[in-house]
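Chains, contacts and geometry: an overview
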Amino acid sequence: MLKTIKLEDAVGTKLTHDITEIRPGEFKGAAFRRGHTVCDDDLCRLQRLGKNHLYLIDLAEDEIHENDAAAILAASLAGDGITWENNPREGKISLVAARDGLLRVDAAVLAAFNMVAEVMCATLHSHTLVKKGAQVAATRAIPLVMKRAPVERAAAMAASNGGVVSVLPLQKVRAGLVITGNEVYHGLIEDRFAPVLTAKITDLGSDVAGIAFAPDDVEHISRAICNHIADGCNLLLLSGGMSVDPDDVTRKGIRVAGADEIHYGAAVLPGAMFLVAYIGDIPLLGVPACGLHHRVTVLDLVLPRVLAGERIGKKELAFLGHGGLCKDCPECSYPNCPFGKGTM
Amino acid sequence: MQDFESLLKSSAAAHGHLCPGQVVGVRMAMLGCRLIGLDDPSSHEQIKKLIVYVEMDRCTADAVSHVTGVKLGRRSLKFVDYGIMAATFLNLETNRAYRVVSTEEARDLAAMFAPEIAGKHAQQLRAYQRMPDSVLFRVQEVDVNLAELDLPGPTRRKVACVRCGQVVRDGREVIRSGRVLCKPCSGECYYREAREVSWPDMNRTPACKSKIAGVKTTNHDTKILSENRRRDGLLNEYHKEISPCLKP
């Protein structure tokens, strides 16, 4: 229960919550922290902050203070790879990446959590690459004092699937590249795919174990795939031959190599003719020619998820559609743009 | 108690179709029973310990009744017409009761929990199976004062209406100016202008419609049976005659 007292009567009492000061463009933060004992010298500053009355709190058994609520919420929201400090600032607790990796947000549970009255949590987008120490979410209870039951219900929801936010570490893989196309294989043009794909792999902390070149020939492509797997590659990237021309036989080569699961087509532009296949647990990513022209394509959306251990299927490729249209800006600002941010 | 899938299947069969309300009802009943400590409510040992108040006459009510085994005629199922998707589960042994309320926000969240499914009905059907209890329900611990006259068991009181003579059971009579009335005579009634009528085939006796195994048919039974058949024939003839006239 909250009791209001006049500021002049508050000298000697302890503040029940942080008091925020905002100096536009200069500062926003706690001018006074919870527990601070109000003294005569504070009165003028508190008045300047618009405080002519303060609260005294007498918590009933079924009530909870915002700071204690925030700690319960943070503990339940935090999944693997997330850390947080029980040191609420203005009632809010930040959830921070405990390691480099890929942020995963359970958007459905997050939505359910935020439907509970008087609690909130805001996060970065799911599938954002984050560095250790980065803030990925924050939570708080809205009122200063609230009933304990909704806080506990929201916490139960958040914990129902191992937490709402987690950071998955990226596995270090040995990638094998298969660059297809008669024009490259026979030396008519210089290959530019291998350097692009190699950079994307190494940027995410993995290695390229081998690069094979193959003509537009099913058997040849299939053999190159099998050789990479025999050499211990646990991720394969294939370029070229993904389109609709009669010479585009990469898909068939992948099937002949023994792929038991093939998903052709992604709801992303650039990258509609992207392919994901699996030979056992080894993923094969077929990169269409757009990967040469555009700095960022569907591969940049899918590759981190594959490295984080996610199995990509039809559903995952279809769900990329919302937010999957690149604006093709003259100056690309990815990942700080909406591209690929609409999926759950 | 059986597992969720089995209960949903049998509940849908008993109700007549599978629908989101069945999913909610089965889960509501499973949660309610768990909260009051009954793991097999329709078993012989537990069936007399449970009272369930359902606050809606919708699909969910049938599922709650099916899973728990509570029945109107056993007085273990109480219908309170609130129009709220909620049910209260009372353990008569411990006197603990929990009211389980289906959340309205679960409807809004269905698309989030089953995004790959198109169509509201199919989406809710799947989403309500995926949501944790904390999303699908709110729960309140409540005190329920169950009057002795509402308990299962034998009829505890019978009185006769002073106006029409109708016997009224279990304290459902109304006292007006010190006079005992049945509800229809008191005016608290869902129908009006009751008129006593006679009807065709007034002496039909179902026991004689067919021979009951092990029971010898008497001459009297046979006579009634043949009379029933004769009247059925007459009624059929009658319907044949008037049906064409009724067609537009």
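Every chain is numbered on its own, with residues counted from 1 as its sequence reads. Lettering for chains starts from A, numbering for ligands starts from 1, and both go in the order in which the items are written. The predicted origin of the model limits local features to residues at a pLDDT of at least 70 and limits the giving and counting of side-chain atom pairs to 80 or more, whereas totals for whole chains, interfaces and linings rest on all residues.

Section: the overall build of chain A
Selection criterion: Every helix listed is a DSSP run of H or I at least four residues long, and every strand listed is a run of E at least two residues long, numbered separately from the N terminus. Computation of the radius of gyration draws on C-alpha atoms alone. For the globule rule, the value is 2.2 Å times the number of residues to the power 0.38. Comment: burial labels come from other C-beta atoms within 10 Å of the residue's own C-beta, placed from the backbone, where a count of 20 or more is buried, 12 or fewer is exposed, and between is partly exposed. The contact criterion used here is simple: two residues whose C-beta atoms, placed from the backbone, lie within 7 Å are in contact.
Within chain A, the secondary structure is distributed over 11 helices and 19 strands. Relative to the globule expectation of 20 Å for 344 residues, the C-alpha radius of gyration of chain A, 27 Å, shows a markedly less compact shape. Burial statistics for chain A: of 344 residues in total, 40% are counted as buried. Considering only residue pairs separated by 6 or more positions, chain A has 68% of its internal contacts joining residues 24 or more positions apart.

Re the overall build of chain B
Secondary structure summary: chain B contains eight helices and nine strands in total. Across the 248 residues of chain B, 28% fall into the buried class. Residue pairs in contact within chain B that sit at least 24 positions apart in sequence constitute 56% of those at least 6 positions apart.

Some points on the nonpolar core
The tendency in soluble globular proteins is for nonpolar side chains to be buried as a group. To keep things clear, this is the line we draw: Here, a nonpolar core denotes buried Ala, Val, Leu, Ile, Met, Phe, Trp, Tyr and Cys residues that are linked to one another through C-beta atoms within 7 Å.
Grouped together as the largest cluster of nonpolar side chains are 129 residues, with contacts concentrated most on Leu-73 and Phe-113 of chain A. If we ignore the near neighbours within four places in the chain, the residues touching Phe-113 of chain A are Val-119, Cys-121, Ala-154, Met-157, Ala-158 and Val-164 of chain A.

Topic: the packing of helix α2 (residues 20-35) of chain B against helix α5 (residues 120-130) of chain B
Residues and elements named next belong to chain B. This is how it is decided: To obtain an axis, a line is fitted to C-alpha atoms, over the contacting stretch when the element is a helix, and the angle between two such axes runs from 0 to 180 degrees between their N-to-C directions. Relative orientations are named as follows: roughly parallel for angles under 35 degrees, roughly antiparallel for angles over 145 degrees, roughly perpendicular for angles from 65 to 115 degrees, and oblique for any other angle. The handedness criterion is simple: a crossing whose near helix is rotated anticlockwise from the far helix by less than a right angle is left-handed, and one whose near helix is rotated clockwise is right-handed. Gly is placed with the polar residues, together with every amino acid not listed as nonpolar (Ala, Val, Leu, Ile, Met, Phe, Trp, Tyr, Cys and Pro) or charged (Asp, Glu, Lys and Arg).
With their axes 8 Å apart at the nearest point, α2 and α5 run at an angle of 15 degrees to one another. The angle between α2 and α5 falls in the class roughly parallel. Between α2 and α5 lies a crossing of left-handed hand. Across the interface between the two elements, Pro-20, Val-23 and Val-24 of α2 pack against His-121, Gln-124, Leu-125, Tyr-128 and Gln-129 of α5. Here the contact of α2 with α5 is composed, by residue class, of five nonpolar, three polar and no charged.

What to know about the sheet that holds strand β19 (residues 282-287) of chain A
Residue and element names in this part refer to chain A. Here is the rule: One bridge is not enough; two strands pair if DSSP finds at least two bridges between them.
An order of β15-β14-β16-β19-β18-β17 is seen for the six strands of this open sheet, with the pairing classed as mixed. Each edge of the open sheet carries a strand with a single partner, namely β15 (207-214) and β17 (261-264). Between one strand and the next, the sheet's axes are offset by a mean angle of 15 degrees, whatever the strand orientation. With five bridges connecting them, strand β18 (residues 275-279) and β19 associate as antiparallel partners. Counterpart to Ala-277 in the pairing with β19 is Leu-284. Along the sheet, helix α7 (residues 218-230) contacts β14 (174-180), β15, β16 (235-239), β18 and β19; its crossing angle with β15, the most-contacted strand, is approximately 160 degrees.

Considerations on the domain arrangement of chain A
Residues and elements named next belong to chain A. To keep it simple, the criterion reads: Each domain's limits were defined by an automated method or a database of domain assignments.
Each assigned domain of chain A is listed with its residue range as follows: domain 1 (2-57), domain 2 (63-168) and domain 3 (174-319). One C-alpha centre belongs to domain 1, the other to domain 2, and the line joining them spans 27 Å. With nine residues of domain 1 at the interface, the matching set in domain 2 holds eight residues. Within the side of domain 1 that touches domain 2, the residues separate by chemical class into four nonpolar, three polar and two charged.

Notes on the interface of chain B and chain A
Each partner contributes to the interface: chain B provides nine residues, whereas chain A provides 12 residues. The set of elements that each furnish at least two residues to the side of chain B that touches chain A consists of α4 (105-113) and α6 (133-136) of chain B. In terms of residue count, the dominant contributor to the side of chain B that touches chain A is α4 of chain B (four residues). Split by residue class, the side of chain B that touches chain A holds six nonpolar, one polar and two charged.

Remarks on the sheet that holds strand β8 (residues 101-105) of chain A
All names here are of chain A. Reading across from one edge, β10-β8-β13 is the order of the three strands in this open sheet, with antiparallel pairing throughout. Strands at the two margins of the open sheet, each flanked by one partner only, are β10 (129-130) and β13 (165-168). Direction of pairing for β8 relative to β13: antiparallel, over a ladder of four bridges. Among the inter-strand pairings, Leu-103 is bridged to a residue of β13, identified as Val-167.

What about unusual backbone geometry?
Where the residue is not glycine, phi is negative for most of them; where a peptide bond is considered, it is trans in most cases. Residues and elements named next belong to chain A. Omega for the peptide link from Leu-269 to Pro-270 comes to 5 degrees, which places this bond in the cis form. Within the element layout of this structure, Pro-270 appears in the loop between β17 and β18. For Glu-118, which is not glycine, the phi dihedral falls at a positive 75 degrees. Mapped onto the elements, Glu-118 comes out in the loop between α3 (107-115) and β9 (119-123).

Some words on the packing of α4 of chain B against α5 of chain B
What describes two packed helices is the angle between their axes and the distance between those same axes. Residues and elements named next belong to chain B. At a closest axis distance of 8 Å, the pairing of α4 and α5 adopts a crossing angle of 90 degrees. In terms of axis orientation, α4 runs roughly perpendicular to α5. Every residue of α5 that contacts α4 at Ala-106, Ala-110, Ala-111 and Phe-113 is listed here: Gln-123, Gln-124, Ala-127, Tyr-128 and Arg-130. In the contact of α4 with α5, the residues fall into six nonpolar, two polar and one charged.

Overview of the pairing of β18 of chain A
Residue and element names in this part refer to chain A. Summarising the sheet, β17 and β18 pair through four bridges and their orientation is antiparallel. Paired with Glu-261 across the two strands is Tyr-278, which belongs to β18. A loop of two residues connects β18 with β19, the two strands running antiparallel in sequence, and Gly-280 in this loop sits at a positive phi of about 65 degrees.

Notes on α3 of chain A
Buried within α3 of chain A we find Ala-108, Val-109, Leu-110, Ala-112 and Phe-113 of chain A. Looking at the buried residues of α3 of chain A, the elements they touch are β8, β9 and α4 (148-159) of chain A together with α4 and α6 of chain B.

Quick notes on α5 of chain B
Along α5 of chain B, the positions that sit buried rather than exposed are Gln-124, Leu-125, Ala-127 and Tyr-128 of chain B. Here the buried face of α5 of chain B lies against α2, α4 and α6 of chain B.

Looking at the environment of Gln-47 of chain A
Residue and element names in this part refer to chain A. Topologically, Gln-47 is positioned in helix α1 (residues 42-48). For the pair formed by Gln-47 and Leu-7, sequence separation is 40 residues and the distance between their alpha carbons is 8.3 Å. Beyond its immediate stretch of four places on either side in the chain, Gln-47 contacts Leu-7 and Asn-52.

Quick notes on the environment of Leu-307 of chain A
All names here are of chain A. Summarising the element assignment, Leu-307 is placed in helix α10 (residues 298-307). By C-beta crowding, Leu-307 is classed as buried, having 23 other C-beta atoms within 10 Å. Along the sequence, Leu-307 and Gly-176 sit 131 residues apart, while their C-alpha atoms lie 14 Å from each other. Once you skip the residues sitting within four places of it in the chain, Leu-307 turns out to touch Leu-170, Gln-171, Val-173, Leu-204 and Ser-206.

Quick word on the confidence of the model for chain B
Any segment with low pLDDT has predicted coordinates that should not be analysed in fine detail. Convention followed: The predictor attaches a confidence to each residue, called pLDDT, with possible values from 0 through 100.
Summing up the model confidence of chain B, the mean pLDDT is 90 and the portion of residues at 70 or higher is 85%. On the interface metric, ipTM, the complex scores 0.76, and its pTM is 0.82.

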